[in-house]
Amino acid sequence: MTELPLSGIKVIDFTGVQAGPACTQMLAWFGADVLKVERPAGGDVTRNQLRDDPDIDALYFTMLNSNKRSLAINTKSPEGREVMEKLIRQADVLVENFAPGAMDRMGLDWETLQKWNPRLIFGSVKGFNEDSPWNDLKVYENVAQCAGGAASTTGFWDGPPTVSGAALGDSNTGMHLLIGLLLAVIDRDKTGKGQKVAVSMQDAVLNLSRVKLRDQQRLEKVGYLEEYPQHPHGEFGDAVPRGGNAGGGGQPGWVLKCKGWEDDPNAYIYFTLQEQNWKRTAEAIGHPEWVEDPDYSTPLARQPRIFEIFEAIEKWLADKTKYEAVDILREFDVPCAPVLSMKEIANDPALRRSGTVVEVEQKGRGKYLTVGSPIKFSRFKPDIQGAPLLGEHTEEVLNELGYDADAIAGLRADKIVA
Ligand code: COA
């Protein structure tokens, strides 16, 4: 088997919920030895959240903690802190995403970590960065989407700010941290020094809302945004409005009804009117006369009647399923896709073939589906396994640190480990 790129890297995964675990899970997929350190009573809260079976770890946990080992230990006790010190002295990376101040309260502040191990890379996720006036707040997914500019620009103009179903605050922040940690590993190879890598959820959401900050500056300069549905018939205020399903770049697009939309909430496609493909698009939807018609031949001419055009396309779509429509439109190079439900994604054979959706065996549960690596490498493919039970590797890890059976029994009796 090909050696994975992170083999030999030791990671202490002192994270919970989603942002931190998503990051460390990927480190584990690519070969790092990831040790999840959890509270003896209950462990990561997600083990117990949204359970589909009262007796086994929730999918919320298993889908974010595969390929890891679990050490259940009370790190607030002097004995537990001593174990943490031993682990930190040997580790390459420590990742945490506790509430602000929690690491300091445990005596695991950055100064102490550096003293114990100057080569340590310390990854930290918080809701807001250190310069923020809100840097003391606890933060979950939707809080971050609201603070990062995503919610104010998502949804429809006549509705409230709307959060996305995609985890822009949580998993996205974890992916940003992952990039930071890998850069810090490269930097340490050159300098011999570790460092702290901090990512805030607000910043990570804003990084994905970049085009909306672009639009804010354009709006301030010209007073309108030509690709938004509000143009030219509606009003613009002084901040980027919610644009419904409009395309975010210079190419107008919309979610359009297909055959069966009356009964199936996902019988839709996303249709893009690509400027450079207008001729073939007009032919595809049965309006070849629009190619030369000055009312339709340029993006500027089309924008005032964009919803009229979308309506005409919906008429063309009325007798086609979303799959049939895409099969026709692909012949005309129209950028489009069916709106896929989670049910369709779970059963999609191509996503299974590529390893993007993976079936995993979990102790006590049997098989379940998870999302595998979206990054494909030509030399290796991660082997996605199950997640550890709480404290499954406590004894193994303490043995590795030199604790004998009596010492471990003592820690168990004092409820310091589970
Ligand atoms: N042994 C003993 N104590 C432990 C422990 C262990 N193994 N692991 C955690 N704890 C303690 C912490 O030290 C903390 O104690 P303290 O509050 O007395 O200092 C306590 O458990 C709870 O910590 P935490 O999970 O941070 O608090 P919470 O459940 O109230 O808040 C969040 C959860 C997610 C809101 C908060 O952690 C947060 O804002 N994190 C930063 C942003 C983030 O990552 N958000 C989540 C994205 S998915």
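The name that an unreviewed UniProt entry assigns to the protein is Formyl-CoA:oxalate CoA-transferase, with the source organism given as Streptomyces cavernicola. Under the Subunit (unreviewed entry) heading, UniProt states for the protein: "Homodimer." You can read under Function (unreviewed entry) in the UniProt record for the protein the words "Involved in the catabolism of oxalate and in the adapatation to low pH via the induction of the oxalate-dependent acid tolerance response (ATR). Catalyzes the transfer of the CoA moiety from formyl-CoA to oxalate."

What is the right way to look at the pattern of salt bridges in this model?
Oppositely charged side chains can pair when the atoms bearing their charge come close. Considering all chains together, one arrives at 25 salt bridges under this definition. A salt bridge links Arg69 to Asp33; the shortest N-O distance between them is 3.1 Å. With Arg69 in strand S3 (residues 69–72) and Asp33 in strand S2 (residues 33–38), the pair connects residues that are 36 residues apart, well separated along the chain. Given a relative accessible area of 14%, Arg69 falls into the buried group. What makes Asp33 partly exposed here is its relative accessible area of 29%. Note that Glu85 is salt-bridged to Arg89, the shortest N-O span being 2.8 Å. Here Arg89 and Glu85 lie together in helix H3 (residues 78–90), a separation of 4 residues that amounts to about one turn. Sharing partners across several salt bridges, the network here consists of Asp33, Arg69, Glu396 and Glu400.

Can you walk me through helix H12 (residues 306–317) in this structure?
Spacing of three or four residues puts side chains on the same side of an α-helix, whose turn is 3.6 residues. Here H12 is 12 residues long and its end C-alpha atoms lie 16 Å apart, about the 16 Å a rise of 1.5 Å per residue gives. When we look at burial in H12, the residues that qualify are Ile306, Ile309, Phe310, Ala312, Ile313, Trp316 and Leu317. The arc that holds the buried residues of H12, viewed along the axis, is 160°, so those residues lie on one side. Turned more than 90 degrees off the buried face of H12, the exposed positions are Glu311 and Lys315. Buried residues belonging to H12 abut strand S7 (253–257), strand S8 (268–272), helix H10 (278–284), helix H11 (299–302) and helix H13 (322–331).

Reading the values: the criteria
- Residues numbered from 1 in each chain as written.
- Predicted model: local features only at pLDDT ≥ 70, side-chain atom pairs only at ≥ 80, totals over all residues.
- Heavy atoms only, no water.
- UniProt positions renumbered as here; feature names shortened; annotations may be inferred.
- Salt bridge = Lys/Arg side-chain N within 4 Å of Asp/Glu carboxyl O.
- Helix = DSSP H or I, 4+ residues; strand = E, 2+ residues; numbered from the N terminus.
- Buried < 20%, exposed > 50% of the residue type's maximum accessible area, 1.4 Å probe, protein only.
- Expected span 1.5 Å × (residues − 1).
- Arc of directions from axis to C-beta.
- Contact = heavy atoms within 4.5 Å.

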